[in-house]
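Secondary and tertiary structure notes
Each chain, written out:
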Protein chains: 2
Amino acid sequence: MSLLPFIEQVDGFSYDANDMYKLMSHDGKTALGYLTSYIAKFFEKELGITVNHDSNTVKIDANYDTLSKRDELFRGIAEKWKLMDVFELDLKHGWRDELYTVYSPTSTPYMHIERAFSVLIGVITYGVHINGYVSDGETLKMWIPRRSPTKPTYPGMLDNMVAGGLGYPYGIWETVVKECLEEAGLNQQFVESHTKSTGVMLYMYRPDNQTIDRVQPEVEYIFDIKFPDELVKPYPVDGEAEDFQLMEIKEVLQRLRNGEFKPNCGLVVVDFLIRHGVITPANEPNYLEIVSRCHRRLPFPTL
Amino acid sequence: MSLLPFIEQVDGFSYDANDMYKLMSHDGKTALGYLTSYIAKFFEKELGITVNHDSNTVKIDANYDTLSKRDELFRGIAEKWKLMDVFELDLKHGWRDELYTVYSPTSTPYMHIERAFSVLIGVITYGVHINGYVSDGETLKMWIPRRSPTKPTYPGMLDNMVAGGLGYPYGIWETVVKECLEEAGLNQQFVESHTKSTGVMLYMYRPDNQTIDRVQPEVEYIFDIKFPDELVKPYPVDGEAEDFQLMEIKEVLQRLRNGEFKPNCGLVVVDFLIRHGVITPANEPNYLEIVSRCHRRLPFPTL
């Protein structure tokens, strides 16, 4: 049984983006994100934004020529939409009071926007995902948490050991250290001496079980923590995880195929199992498509 | 100093393929490869092939409806072109008497063609690249061979420990075992117990130092062999490698930046160093572009 359906669930956005509106920078030079026509039409009522239905663009007006002006513009729109019934589930319910950074072509910050709002306008969001594993050279086991039943998204599903978004003003490594402590009780010294950067996954998510059709390009920096033995254990701290289980790879694969993982976290596990020689060209018929689709080249400027 | 220029050297084909001709299957349904207009025009003189300059296609005629008929068709063309002055360097000089398989959309063989001919018609070629390394958990060293000064391509440059094309009728794993023995003197038992499948690289090469402009989409299956200690050593057998050196990572990186590696082998080293935490988002400014461009989604059916 191929794992391709799980990849299609996450990288669900067509390689042909003809039906999408582009969010354009104030100078008209750079596409920053994709919006569905449904969301694009709400921008018609916003000052500072011009929607063009011929060119399928939602453009920031030319006078928003500084970072702080753009931050202010989108803060106003996000606060307003938060109160609208139509965005209640996505925006009011999902509101995080956390800012995400959108980057310019020179990889400098172009604007900062509320995390819950970012997913509506199809800009790239960034995060870190950290696999925890134990290996004696023969057997390989992974630390797998179950998400709290009270989480607003994917309650009770399996997850990566630690994961978190890159909220302003935290950098990649700061986020790794912060989230490892907050979510799994792993202190900075342990994290610094056991964590290895092992890659990055890029894909375009198009959720199909949400109220509002939208596209979400994601960059997830991947890290592996190799635990020295089974005695050192992650444990729930902030309540994001209900518990952590040390699973043999056979069980991880079975639960993956059962659809028990939060979809993008399942993909991170697939990448881990590919790098560690468990999923191979010999046992996965769609190996090439899986690898290339989770390292997709995104059509917008990045960090 | 970013490693991006080395990636651009290998994945040198634009994401916009508007200037290329497509090699189309006999039923007209499937694009199998890209040809430059320069090469496309030579097919005008070939029976069994129809060139269309409006649709930019080089189509196999409808009556070539079996694998063996197509093998025969392209065997004839390759043999004929081998004798033409214009293809002397690429085809006569590079002739291998080795068949490469082109795949149909169902991943079954569509046709077999001479290895040296395959690169002229822009079909996907497949290979295995095998990194050899030693690690005590603290330091990491790689086994790096120097190519023989008598090799027709890239003589004297640095290479991956073992690499080889997937010639018909050998499978991926068979090729790993065969090449490890032939190129590095590693016996089957050692290879079977120390080799891990760790991923695949996909890119579109457009050589800029050749006589004929062409595009070469490549799939390279990646394997890592972790040597138990520094006493077990690879050694030259068939003369492809001049010698093998065990290099510290610092030296590998320096030689990579100096341009001493055969370009696509340098890219395999970059992937190894990304997976092993040496090249990270913190020290490589073009990390995202490098990772996505060496896992490119190819526009043709694959194995």
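Overview of the structure.

Calculation rules
- Residues numbered from 1 in each chain as written.
- Chains lettered and ligands numbered in written order.
- Predicted model: local features only at pLDDT ≥ 70, side-chain atom pairs only at ≥ 80, totals over all residues.
- Heavy atoms only, no water.
- Helix = DSSP H or I, 4+ residues; strand = E, 2+ residues; numbered from the N terminus.
- Rg over C-alpha atoms; globule rule 2.2 N^0.38 Å.
- Buried < 20%, exposed > 50% of the residue type's maximum accessible area, 1.4 Å probe, protein only.
- Contact = heavy atoms within 4.5 Å.
- Lys, Arg positive; Asp, Glu negative; His and termini not counted.
- Charge placed at Lys NZ, Arg CZ, Asp CG, Glu CD.
- Axes fitted to C-alpha atoms, helices over the stretch in contact; angles between N-to-C directions.
- Parallel < 35°, antiparallel > 145°, perpendicular 65-115°, else oblique.
- Left-handed = near helix turned anticlockwise from the far one by under 90°.
- Pairing = 2+ DSSP bridges.
- Buried area = accessible area lost by both parts, 1.4 Å probe.
- Salt bridge = Lys/Arg side-chain N within 4 Å of Asp/Glu carboxyl O.
- Polar contact = N/O pair within 3.5 Å; in protein donor to acceptor, adjacent residues only side chain to side chain.
- Nonpolar A, V, L, I, M, F, W, Y, C, P; charged D, E, K, R; others polar.

1. Examining the overall build of chain A
For chain A, the count of helices and strands is 10 helices and 12 strands. Its C-alpha radius of gyration of 20 Å places chain A within 12% of the 19 Å reference for a compact globule of 303 residues. Projected onto the principal axes, the alpha-carbon positions of chain A cover approximately 60 × 40 × 35 Å. Taking all 303 residues of chain A together, 57% fall into the buried category. Here the contacts in chain A between residues at least 6 apart in sequence split such that 68% fall between residues at least 24 apart. Chain A carries 31 positive and 44 negative side-chain charges, and their two centres are separated by 2 Å.

2. Section: the packing of helix H8 (residues 249–257) of chain B against helix H9 (residues 263–275) of chain B
All names here are of chain B. Two elements in contact, H8 and H9, have axes separated by 11 Å at closest approach and are oriented at 140°. Put simply, H8 runs oblique to H9. The interaxial crossing formed by H8 with H9 has left-handed handedness. Contacts from Ile249, Val252, Leu253 and Leu256 in H8 reach Gly266, Val269, Val270 and Leu273 in H9.

3. Focus on the sheet that holds strand S1 (residues 21–24) of chain B
Residue and element names in this part refer to chain B. With mixed pairing, the 4 strands of this open sheet are ordered in space as S2-S1-S4-S3. Here the strands that pair on one side only, and so sit at the sheet edges, are strand S2 (31–35) and strand S3 (49–52). The sheet shows a mean angle of 20° between the axes of neighbouring strands, direction not considered. The sheet contact formed by S3 and strand S4 (residues 57–60) spans 4 bridges and is antiparallel. Note on S4: the bridge partner recorded for Ile49 is Ile60. Against the sheet, helix H3 (residues 67–82) engages S1, S3 and S4, with an angle of about 70° to S3.

4. Some remarks on the interface of chain B and chain A
Many structure descriptions define interface size as the accessible area lost when the parts assemble. Of the residues lining the interface, 29 residues belong to chain B; the matching set on chain A comes to 29 residues. Regarding the contact of chain B and chain A, the summed buried area is about 2200 Å², with carbon and sulfur atoms giving 66% of it. The largest contributions to the chain B side of the interface with chain A come from Ser197, Leu288 and Arg297 of chain B, which together make up 29% of the buried area. At the boundary of chain B and chain A, one finds 2 salt bridges. The closest approach of N and O atoms between Arg297 of chain B and Glu289 of chain A, which form a salt bridge, is 3.9 Å. Scanning the region where chain B abuts chain A turns up 4 residue pairs in polar contact (both at pLDDT 80 or more). Residues that form the side of chain B that touches chain A fall into these classes: 14 nonpolar, 9 polar and 6 charged.

5. A few points about the side chain of Ser104 of chain A
Residue and element names in this part refer to chain A. Along the chain, Ser104 turns up in the loop between strand S5 (99–103) and strand S6 (109–114). Residue classification places Ser104 among the buried positions, given a relative accessible area of 10%. Beyond its immediate chain neighbours, meaning those up to four positions away, Ser104 contacts Tyr110, Pro301 and Thr302.

Note that all results are geometric; they support no functional claim without further evidence.
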